[in-house]
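Working through the structure, step by step
These are the residues of each chain, in order.
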Amino acid sequence: MKSILVIGAGKFGHHLAEYLCEMDNDVMLVDKNETLIDEYSDKVTTAQIGDFTIKSNLAALGVEDYDYVFVCAGDFQDSLVITSYLKELGASYVIAKASSLIHEKFLLRNGADRVVYPERDSAYNRAVEYSTR
């Protein structure tokens, strides 16, 4: 079992958090949107509301104690700020969601250990799946 923090409860983030929980991981889901946290809090181990572009709010989560931290914030700038703060605070492995190639480039420069690009990755997986049938 891994200890995983998912920052951002949008479309990608909440699905990711739910799947990780279903796979017996300890998952905390956080977002600044109270409605999203209310909707998904019963599907994860723990959930918290807050603005995690504020460094002290991230520090209060104990980010250094998680095996993995996923940054699923939808806003370009927010994801860069959060990723940078996470590395400063000692997060061991940060996986950040990108919405474009330039976004991916900046996330890597800001300290992301890995970047996922859900639309691109899903398209590739479907291409492989349907090309090999």
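Residues numbered from 1 in each chain as written. Predicted model: local features only at pLDDT ≥ 70, side-chain atom pairs only at ≥ 80, totals over all residues. Heavy atoms only, no water.

A closer look at the pairing of strand β5 (residues 94–97)
Across the two faces of β5 the burial is the same, with V94 and A96 and I95 and K97 all buried. With three bridges connecting them, strand β4 (residues 68–71) and β5 associate as parallel partners. Residue pairing for β5: F70 is matched across the bridge by I95. Where β5 and strand β6 (residues 114–116) come together, three bridges link them in parallel fashion. Each bridged residue has a counterpart across the sheet, and for K97 the counterpart in β6 is V116. In this fold, the crossover linking β5 to β6 by way of helix α5 (residues 101–109) has right-handed handedness. (Buried < 20%, exposed > 50% of the residue type's maximum accessible area, 1.4 Å probe, protein only. Helix = DSSP H or I, 4+ residues; strand = E, 2+ residues; numbered from the N terminus. Pairing = 2+ DSSP bridges. Right-handed = clockwise from strand over helix to strand, strands pointing away.)

Focus on the pattern of salt bridges
Under the criterion given, the structure shown has six salt bridges. The shortest N-O distance in the salt bridge between D78 and K32 comes to 3.3 Å. You can see D78 sitting in helix α4 (residues 76–88) and its partner K32 sitting in the loop between β2 (26–31) and α2 (34–40), a full 46 residues away along the chain. Overall, the relative accessible area of 53% leaves K32 in the exposed class. When salt bridges that share partners are traced, they join E104, R120 and D121 into one network. (Salt bridge = Lys/Arg side-chain N within 4 Å of Asp/Glu carboxyl O.)

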